[in-house]
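The primary structure of each chain is shown beneath.
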Amino acid sequence: MKRLIASKKLHTNCRWCDKNILKGEIYYRHRVFNKYDDEIVAYSYNECAKCRYEIDERIKRRVGLKDRCHHPKEMQRTEYDYIPGECVMEPQYDICLVCNLKY
């Protein structure tokens, strides 16, 4: 993630709020690389400063909430996923249905 200042109006908008990024505004550019089989796929997207701030604050609150989550076991659900190369599912993690946190 790079913090940049727009030198001109950008053709791509903010990924989350679809706001135009105008000249002189601060924005963040993310570059993502994924490898699928023998092929490498890369793409980038922009975020405005307001959306980046909101995402950072949400992450901070979520970390604090994980320490304070004391919901009973009845409010938790176990998520299952397939074992690679087999047709059998195994439990991956428990998720709280109230605050949507993984354990």
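Residues numbered from 1 in each chain as written. Predicted model: local features only at pLDDT ≥ 70, side-chain atom pairs only at ≥ 80, totals over all residues. Heavy atoms only, no water.

### Things to note about the packing of aromatic side chains
Then step 1. By the definition in use, this model includes 0 aromatic pairs.
Then step 2. Between the NZ or CZ atom of arginine 15 and the centre of the ring of tyrosine 45, over which it lies, the distance is 4.0 Å. (Phe/Tyr/Trp six-rings, centres within 6.5 Å; stacked < 30°, edge-to-face > 60°. Lys NZ or Arg CZ within 6 Å of the ring centre and 35° of its normal.)

### Thoughts on the environment of valine 98
Then step 1. Within the fold, valine 98 resides in the segment after strand E5 (89–96).
Then step 2. Leaving out residues up to four positions away in the same chain, valine 98 has contacts with His71 and Met75. (Helix = DSSP H or I, 4+ residues; strand = E, 2+ residues; numbered from the N terminus. Contact = heavy atoms within 4.5 Å.)

### Here we look at the sheet that holds strand E2 (residues 26–36)
Then step 1. One open sheet accounts for 3 strands, arranged E1-E2-E3; its pairing is antiparallel. Two strands lie at the open edges of the sheet, namely strand E1 (2–5) and strand E3 (39–48), each paired on one side alone. Strand-to-strand, the axes of this sheet are offset by a mean angle of 30°, without reference to chain direction.
Then step 2. Of the strand pairs in this sheet, E2 and E3 are connected by 10 bridges, and their pairing is antiparallel. Counted as the bridge partner of histidine 30 is tyrosine 45 from E3. (Pairing = 2+ DSSP bridges. Axes fitted to C-alpha atoms, helices over the stretch in contact; angles between N-to-C directions.)

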